[in-house]
Amino acid sequence: MEDGRRAHITIFGWACTTLCLVSYVAAFSHGASLSACTDMMPGHLRAALHSPRNNYVTIHTNVSFYLPGDKVPVTVRSTRDFMGFLLQARKVSNDEIAGTFVFIPPDSKLLTCLQDSDTVTHSDKSLKRNLSFVWKAPDQPIGDIKFFISVVQSYFVYWAKIESSMVAQRGRN
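The name recorded for the protein chain in an unreviewed UniProt entry is RELD1 protein, from Centropus unirufus.

Engineer: Help me out: how do you make sense of the overall build of the protein chain in this one?
Structural biologist: Along the protein chain, the regular secondary structure elements total one helix and twelve strands. Ordered by position in the sequence, the α and β elements of the protein chain form the string α-β-β-β-β-β-β-β-β-β-β-β-β. When the 173 residues of the protein chain are sorted by exposure, 38% land in the buried category. Put simply, of all contacts in the protein chain between residues at least 6 apart along the chain, 69% involve residues at least 24 apart.

Engineer: Could you clarify how one ought to interpret the environment of V102 in this entry?
Structural biologist: Position of V102 relative to the elements: it lies in strand β6 (residues 100-103). For V102, a relative accessible area of 44% corresponds to the partly exposed category. Once the C-alpha coordinates of V102 and K136 are considered, the two residues, 34 residues apart in sequence, prove to be 6.5 Å apart. Once residues within four sequence positions are removed from consideration, V102 is found in contact with K71, V134 and K136.

Engineer: Before we go on, may I ask you to explain the pattern of salt bridges in this structure?
Structural biologist: For the coordinates displayed, the defined rule picks out seven salt bridges. Here K128 makes a salt bridge to D124, at a shortest N to O gap of 3.5 Å. Looking at D124, the relative accessible area reads 23%, which means it is partly exposed. One salt-bridge network, held together by shared partners, links R90, D95 and K161.

Engineer: Which parts of the structure should I look at to understand the pairing of strand β9 (residues 131-136)?
Structural biologist: Regular strands place their side chains on alternate faces of the sheet. The two faces of β9 differ: L131, F133 and W135 on one face are buried, but S132, V134 and K136 on the other face are not. Judged from the six bridges that link them, strand β4 (residues 71-78) and β9 form a sheet pairing that is antiparallel. The residue bridging V72 from the neighbouring strand is W135, located in β9.

Engineer: Any chance you could explain the confidence of the model for the protein chain here in plain terms?
Structural biologist: Reading predicted coordinates in detail is not appropriate for stretches of low pLDDT. Within the protein chain, residue pLDDT values average 81, and 71% of them lie at 70 or more. Here residues 12-28 is modelled with pLDDT under 50, and outside its nearest four sequence neighbours on either side it reaches ten contacts, counting other chains as well.

Engineer: So what exactly am I meant to see when it comes to the pairing of strand β10 (residues 145-154) here?
Structural biologist: In terms of burial, β10 is largely enclosed, as seven of its ten residues are buried. Pairing of strand β5 (residues 84-91) with β10, which is carried by eight bridges, proceeds in the antiparallel orientation. In the strand pairing of β10, F85 is matched with V151. Note: β10 against strand β11 (residues 157-163), five bridges, orientation antiparallel. Across the sheet, the residue bridging to S154 is V157, located in β11.

Engineer: What exactly am I supposed to notice about the environment of R77 here?
Structural biologist: Along the chain, R77 falls in strand β4. C-alpha of R77 to C-alpha of R129: the two residues are 52 residues apart in sequence and 6.2 Å apart in space. Here R77 is in contact with Y56, V57, T58, H60, R129 and N130, once residues within four sequence places are set aside.

Cut-offs used in this document
- Residues numbered from 1 in each chain as written.
- Predicted model: local features only at pLDDT ≥ 70, side-chain atom pairs only at ≥ 80, totals over all residues.
- Heavy atoms only, no water.
- Helix = DSSP H or I, 4+ residues; strand = E, 2+ residues; numbered from the N terminus.
- Buried < 20%, exposed > 50% of the residue type's maximum accessible area, 1.4 Å probe, protein only.
- Contact = heavy atoms within 4.5 Å.
- Salt bridge = Lys/Arg side-chain N within 4 Å of Asp/Glu carboxyl O.
- Pairing = 2+ DSSP bridges.
- pLDDT = per-residue confidence, 0-100.

In structure tokens, the structure reads:
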């Protein structure tokens, strides 16, 4: 009787652990979690961070400056397919997330890290390569900004905080 009870407890423990891990892994296939807002690091188990300098992804804007309230087109280009991403604009002065995204591509969704729609992530794990976004600057001056993206090629391989060129703010008070 004792052996039967021990077997049931072992099976129950194994089943609970498996269900927890499956739900944890499945959550990332629908986008980054809010825990990634600050450091832009995926919370994958045993994932290998690669240097942002040795990546295949670039962030482009067609402007070198903006005014408060402007909408800035942002394009992410890749030479390889990737599954997941997290995109933010950040102030150069203090690395704080800034502005909002007003246009995002299919298979993407908006997140709220500091304010509504200030971050974009993937909504599924379909393969992605070239993505277009539109970022809206706040109506009040915030200073120069850079765009940052973290890209997940697979569950175990990712690049964090790949940065764009600086976009300078004009019209400061």
